[in-house]
Amino acid sequence: DKLKDAEDKLDDAQDEYDDEDYDRAADLAKDAEELAEEAEDLAKDADSGDRQDAQEAIEDAEDEVNDAEDAIKEAEDEIDEANDNGDDVDNAINKLEDAEDEFDDAEDKLQEAEDAYDDGDYDTAIELAEEAEDLAKEAQDFAQDAEDEL
């Protein structure tokens, strides 16, 4: 790895300096600096990829949360209509409450993912965004179940 190579070159430069071979020490120090810069560039590239993956995971979760919100609103409208028609809506309301609970959890998890992203913890952001997405899908399923009860 580039960073280890840079450290080794720097150690060699120190040895040459101690032996009073200053020209060789300077050359080795310059090599160490170049390797360290390459290591830094590699780290930045890796970080950029992780950041992009986290951003995409958060966007996917946001889409699912929005879809869940729409599904819940649709189920609420269907329940209201059925209730106005005098239909029994108790089971549908229970399913809708489950959907709302999952939706709230999805929103909370999405916020945690965004916070992790802002903190630069991209792996955690991805994990939390995926959890938010799963919760939002469950909310959608419960909303559909609520409509199916009518």
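That block above? That's the structure.
Now for a quick tour of the structure. (Residues numbered from 1 in each chain as written. Predicted model: local features only at pLDDT ≥ 70, side-chain atom pairs only at ≥ 80, totals over all residues. Heavy atoms only, no water.)

1. Regarding the overall build of the chain
Argument step 1. On a plain count of helices and strands, the chain comes out with four helices and zero strands.
Argument step 2. Along the chain, helices (α) and strands (β) appear in the sequence α-α-α-α when read from the amino end.
Argument step 3. Radius of gyration (C-alpha) of the chain: 28 Å, far over the 15 Å computed for a compact globule of 150 residues.
Argument step 4. C-alpha extents for the chain along the principal axes are approximately 95 × 20 × 15 Å.
Argument step 5. Split into buried and exposed, the 150 residues of the chain put 28% on the buried side.
Argument step 6. Excluding contacts between residues fewer than 6 apart, the proportion of contacts in the chain whose partners are at least 24 apart in sequence is 74%.
Argument step 7. As displayed, the chain offers around 9,500 Å² of accessible surface, 35% of which is attributable to carbon and sulfur atoms.
Argument step 8. Side chains of the chain carry 11 positive and 71 negative charges; the gap between the two charge centres is 13 Å. (Helix = DSSP H or I, 4+ residues; strand = E, 2+ residues; numbered from the N terminus. Rg over C-alpha atoms; globule rule 2.2 N^0.38 Å. Buried < 20%, exposed > 50% of the residue type's maximum accessible area, 1.4 Å probe, protein only. Contact = heavy atoms within 4.5 Å. Areas by Shrake-Rupley, 256 points an atom, 1.4 Å probe, with all protein chains shown as cover. Lys, Arg positive; Asp, Glu negative; His and termini not counted. Charge placed at Lys NZ, Arg CZ, Asp CG, Glu CD.)

2. Comments concerning unusual backbone geometry
Argument step 1. A positive phi angle, close to 65 degrees, is found at Glu20, a residue other than glycine.
Argument step 2. Its place among the elements puts Glu20 in the loop between α1 (2–18) and α2 (22–84).

3. Here's the deal with the side chain of Glu133
Argument step 1. Tracing the backbone through its elements, the reader meets Glu133 in helix α4 (residues 122–148).
Argument step 2. Apart from residues no more than four positions distant in its own chain, Glu133 is found in contact with Asp60, Ala61 and Glu64.

4. Quick notes on the packing of aromatic side chains
In this description, a pair of aromatic rings is defined by centroid distance and the angle of the planes.
Argument step 1. Applying the stated criterion across every chain, the model contains two aromatic pairs.
Argument step 2. Where Tyr17 meets Tyr22, the ring centres are 5.2 Å apart and the plane angle is 65 degrees; that geometry is what we call edge-to-face.
Argument step 3. Exposure remark for Tyr22: the relative accessible area of 45% places this residue in the partly exposed category. (Phe/Tyr/Trp six-rings, centres within 6.5 Å; stacked < 30°, edge-to-face > 60°.)

5. Some details on the packing of helix α3 (residues 90–118) against α4
Argument step 1. The contact between α3 and α4 brings their axes to 7 Å, and the two run at 165 degrees. Relative to α4, the element α3 is oriented roughly antiparallel. Crossing handedness for the pair α3 and α4: left-handed.
Argument step 2. When grouped by side-chain class, the residues that make up the contact of α3 with α4 number 20 nonpolar, one polar and nine charged. (Axes fitted to C-alpha atoms, helices over the stretch in contact; angles between N-to-C directions. Parallel < 35°, antiparallel > 145°, perpendicular 65-115°, else oblique. Left-handed = near helix turned anticlockwise from the far one by under 90°. Nonpolar A, V, L, I, M, F, W, Y, C, P; charged D, E, K, R; others polar.)

Worth remembering: the numbers are spatial, not functional.
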